[in-house]
Amino acid sequence: MSSDIHILLVNSHSNTRALLQKTLSDAGFVSISEASSALSAFQALRSRSIDLIITDIEIAGLDGWRLARLVRSGVFRCKKEIPIIAVAKIWCERIAETTAREFGINRLLPLEDRHHLPEAIRNCIGSAAEAFRNPRVLIIEDDADTALVASRVLRQRFEVDVASDGLEGLEKWKKLRHELVLLDVMLPTLSGPEILHEILQLNPDQPVVIMTARCTVDVAEDLMLKGAADFVSKPFRIEQLRRVCELAVRREDYMVSNAQFASRLQSLQQSTDAFRKISESHQRILDTLSTVVLELDRQGRIRFVNRAWSRLTGFSQLESLDRTLASFIPLDGDGGRHVWESRLDALISEAVHECRFEIRLNNKQEQNLWIECQLDALISDEELTIFGCLDNITERKKAQTQLEFLALHDNMTGLYNRHYFDGALRQMAAISARGKGRHSLLYIDLDHFKVVNDSFGHPYGDAVLRQIAALLASRLRQSDILCRIGGDEFAVLLVNTEPGQDRKVAEEICRLIQNFQSHVGGQQVNLCCSIGISQITGQAASPEEYLKQADIALYVAKRRGRNRIHQYDPEDRESDDLRISVDWIRRLRQAMDEERLLLHFQPIIHVDTGEIGHYEALVRMHLPERGIIYPGEFISALESAGEMPSLDHWVIKKTIALLKQYPELKRAAINLSAQAFRDAALVPLIEEQLGNSGVEPQRIIFELTESAGMSNIGATQQMVRQLNELGCDFAVDDFGTGFSTFGYLKEFPARFIKIDGSFIVQLDRNPVDQALVRSMAEVARALGKLTVAEFVENEKVLGLVRDMGIDFAQGYQIGRPLPIEELFPSAVRTGEIEAGIFK
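What comes next is a walk through the structure.

Reading the values: the criteria
- Sequence positions are assigned chain by chain, starting from 1 and proceeding in written order.
- Local features are withheld for residues below a pLDDT of 70 in this predicted model, meaning they are given only at 70 or higher, and side-chain atom pairs are given and counted only at 80 or more; totals for whole chains, interfaces and linings count all residues.
- Calculated side-chain values reflect all of the structure's heavy atoms, with hydrogen atoms and water omitted.
- A run of DSSP states H or I qualifies as a helix once it reaches four residues; a run of E qualifies as a strand once it reaches two. Both are numbered from the N-terminal end.
- One less than the number of residues in a helix, times 1.5 Å, gives the span that helix is expected to have.
- In this scheme, a residue with accessible area under 20% of its type's maximum is buried, one over 50% is exposed, and one in between is partly exposed, where area comes from a 1.4 Å probe on protein chains only.
- Relevant arc is that of directions from the helix axis to the C-beta atoms, nothing else.
- Strand pairing is defined by DSSP finding a minimum of two bridges between the two strands.
- Angular values range over 0 to 180 degrees, each being the angle between N-to-C directions of two axes fitted as lines to C-alpha atoms, with helices fitted over their stretch in contact.
- By definition, residues are in contact when any of their heavy atoms lie within 4.5 Å.
- Between 65 and 115 degrees an angle is taken as roughly perpendicular, under 35 as roughly parallel, over 145 as roughly antiparallel, and anywhere else as oblique.
- What makes a crossing left-handed is the near helix being turned counterclockwise from the far one by less than a right angle; a clockwise turn instead makes it right-handed.
- In this classification, the charged set is Asp, Glu, Lys and Arg, the nonpolar set is Ala, Val, Leu, Ile, Met, Phe, Trp, Tyr, Cys and Pro, and all remaining amino acids, among them Gly, are polar.
- With its strands directed away from the observer, a crossover is right-handed exactly when the path from the first strand over the helix to the second travels clockwise.
- Each aromatic pair joins two rings of Phe, Tyr and Trp (for Trp, the six-membered one) with centres within 6.5 Å, and gets the label stacked for planes under 30 degrees apart, edge-to-face for over 60, and tilted for any other angle.
- Residues enter a nonpolar core if they are buried and are Ala, Val, Leu, Ile, Met, Phe, Trp, Tyr or Cys, with the set joined through side-chain atoms within 4.5 Å.

Time to look at helix α18 (residues 501-515). Counted at 1.5 Å a residue, the expected span for α18 with its 15 residues is 21 Å, and the 21 Å between its end C-alpha atoms agrees. Turning to α18, its buried residues are Asp502, Ala506, Ile509, Cys510, Leu512 and Ile513. When α18 is viewed along its axis, its buried side chains cluster within an angular range of 160° and face the same direction. The exposed set on the far side of α18, more than 90 degrees from its buried face, consists of Lys504 and Asn515.

Laid out in structure tokens, this is it:
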């Protein structure tokens, strides 16, 4: 049956004709004629027997609507009831619904649905047209009877105007612009073709219906090719005239509709293209990020991941999709799978909607990477989706580990440091206080070790200290704790000691050190030590009391000739060291009364610009019999005797007074002692001084050392909160020498971190110091803090400090301490003052 149907395929685009030809051929239709224009379609319809027409809406020389109208008029060889199917690239429902009704097209299909074409050919049907109401029509007809009949026929559905000749008709149309013109071919003054030409010149879309006698059908056909919408033969039938006019008026609606839809489709295509370009651009941006961006489902399976994942783990995107993120996480240990599963469960249960945490991932080489993971959960259409960002923090964790090691250990010997010792001592004292054992503290000092440093140099002295540290560590139990307190001083905490056991250990240590030999420059160096012992019984008022007891016992041992061991006895309070402390307390109070306590200022520069950022104020004592005394001689005695609050109060009062006296000094940093944080009178004093002077609290920075801040962390935190509420700021001094941790740094909102000078002084000669200082600077930057390098003594060290990204530097290379009167004789520059007491 398909082979018996002769189909005329009318389409101006050769590629579209080829697609349709193939669709029909595949369906068994073999008798197909093609026409690329309206003229070639007319020729085929006159010369061949056509059973079905497939046409586009837009055809060269004509459109599909007018072609259908000519076919339905019966002017061609084919039957006027022949099925007509329109296949268009651009279409809309309105066109599909009205075409069959108005123009006799049986079916309209979008080109993309061409696979339905064979079925449509077999099942096409027609439908009736709808009326068009009340458009304005201009009848240009010189025969009055014909014009009257046409007016009566059309008046029910049209507003009718009549012109009896060509010039009158053209003038009326120009004035009223009728929706439809019913135009006779033969007219006086201007002929129908001339009027058609004039009208279409002014409005190419104007519908014009030609009225012609049967003998001039060829003329009507020619006029349609020139732009006429339709034609009607005279004498006409009433319904024929009415239908032709309604179709002609509504044809323009359909053409406009099609053009508007085409415009919308083009706009949509442009939007789609723009969206695609944006999507591709966003994908490129995602793929260039160093951060891994991923999408997970409820089970934690990877649904999307950018290329940063492959760079991070070595696994391709393809082999990672649909795997759970948990499969890349180690089962056990810190940051293991249990951490991931707990966070995922919290998101799934909607206990939280976002979270940030650290986990470990195994890369393709089975190496562990530390990852900072940030997840956000979104619910859309009841479907949970988890979006995440993963950042590689492996290097940061390494730096953190290094810094935490520094916080716990002495940099030079690798032993535990003073701050670790303080914490361990507190723990032992607490255990003893609960009646769970007696412990002992040995305080060891190498006798006359200063001679070794002075004779052979500090590098050799440091090497000897490392050897002594290793020697001591090799002879102690695993449960015992060996620490380097500072300089040539060590401490040993002996766990669960029997009576007399601590003295036996001390005697063994003395023999070890006495038998130790070191050779340098052909000379043999022999050492000995003094040891003070205190028993940790749990009866002391504070853990520090045990250290003070051991310290007193050590002084007694030294006083009695060195190379000795002495166990603390309350009678030791009359020892020379206590008398020295009392003497210095007396001198301090007298110096305060006589205004012989001074502040000198050393500049601290901004490394990048070289400009002075602020100053550190250094305490000096003037003794009439000796001149200027540096704090190294009296601070330790004041600390031992618990008299540091007096000096703290003086520094606060003096600094605030200088701020008022020198308003060009925008801020002042005051270095407080460890005892300041147990001083209940300190905060009220600060409030009083600020109130009386009118100095704004924001101009004050309080500086604390690591050991000072952690010696009594509870009291420290309380006072920090109080001073922060006033508006004051904080800095951490001597960073790297104590027991600091990241938790410690987070607990104290310090703006500055001062890297201890012991790491800086040999920075140009010691690669280890360089690595440590670089790590400290990197971690400080990560925490958003500014760094200050102390003891910058030459240009080379300053250059290294600058290269490492440290923000500020101080030292003799920058400038020596001077009295404030010499430094600011006439308020030369605005800056900051840091009032310290320990330098």
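And the narrative resumes.
On to the sheet that holds strand β23 (residues 529-536). On the basis of which strands lie adjacent, the open sheet formed by five strands has the order β19-β20-β18-β23-β24 and mixed pairing. Of all the strands in the sheet, the pair left with one neighbour each is β19 (481-486) and β24 (565-567). Each neighbouring strand pair of the sheet contributes to a mean axis angle of 20°, computed without reference to strand direction. Of the strands in this sheet, β18 (439-446), β20 (489-494), β23 and β24 are in contact with α18, which crosses β23 at around 165°.

Helix-helix packing is described using two parameters, namely the angle between the two axes and the distance between the axes. Taken N-terminus to C-terminus, the directions of helix α14 (residues 394-408) and helix α28 (residues 767-782) make an angle of 115°; their axes are 9 Å apart at the nearest point. On the basis of the axis angle, α14 is roughly perpendicular to α28. Judged by the sense of rotation from one axis to the other, the crossing of α14 with α28 is left-handed. Here Arg396, Ala399, Gln400, Gln402, Leu403 and Leu406 of α14 lie close against α28, whose contacting residues are Leu772, Ser775, Met776, Val779 and Ala782. Within the contact of α14 with α28, the residues separate by chemical class into seven nonpolar, three polar and one charged.

Time to look at the pairing of strand β9 (residues 159-163). Bridge analysis of strand β8 (residues 136-140) against β9 gives five bridges, and the strand direction is parallel. Within β9, the residue paired with Val137 across the bridge is Val160. This β-α-β element, β8 to helix α6 (residues 144-154) to β9, shows right-handed connectivity.

α18 packs onto helix α17 (residues 458-475) with a crossing angle of 140° between their chain directions and a minimal axis gap of 11 Å. On the basis of the axis angle, α17 is oblique to α18. The handedness of the crossing between α17 and α18 comes out as right-handed. Here Ile468, Leu471, Leu472 and Arg475 of α17 lie close against α18, whose contacting residues are Glu508, Ile509, Leu512 and Ile513. A class-by-class count of the residues in the contact of α17 with α18 yields six nonpolar, no polar and two charged.

Quick look at the packing of aromatic side chains now. All told, the structure shown has 10 aromatic pairs when counted by the stated rule. Ring centres 6.5 Å apart and planes at 55° place the aromatic pair Tyr662 and Phe824 in the tilted group. A residue pair is termed long-range when its members are at least 10 positions apart, and Tyr662 in the loop between α22 (644-661) and β28 (665-671) and Phe824 in the loop between α30 (820-823) and β35 (831-835) qualify at 162 residues. Just as Tyr662 is buried, Phe824 falls in that class too. Ring centres of Phe752 and Phe808 lie 5.9 Å apart, and the angle between their planes is 65°; this geometry places the pair in the edge-to-face category. With Phe752 in strand β31 (residues 750-755) and Phe808 in strand β33 (residues 808-810), this pair connects stretches of sequence that are 56 residues apart.

One finds Met621, Phe634, Leu647, Ile652, Phe702 and Val801 to be the most contacted residues of the largest nonpolar core, which totals 75 residues. Tallying contributions element by element places α22 first for this core, with eight residues.

Here we take up the sheet that holds strand β3 (residues 52-55). Ordered in space as β2-β1-β3-β6-β7, the five strands form an open sheet in which the pairing is parallel. Where the open sheet ends on each side, the last strands, each with one partner, are β2 (31-35) and β7 (107-110). When the angles between neighbouring strand axes are averaged without regard to direction, this sheet yields 20°. Pairing of β3 with strand β6 (residues 84-88) involves three bridges; the strand directions are parallel. The partner of Thr55 across the bridge, within β6, is Ala86. Packing against the sheet, helix α1 (residues 14-26) makes contact with β1 (6-10), β2, β3 and β6, and its axis sits at approximately 170° to β2.

Take the pairing of strand β13 (residues 292-296) next. Here β13 lies mainly inside the structure; four of its five residues are buried. Note that β13 and strand β14 (residues 302-305) share three bridges and pair antiparallel. Counted as the bridge partner of Leu294 is Val305 from β14. Between the antiparallel neighbours β13 and β14 lie five residues, among them Gly300 with a positive phi of about 80°.

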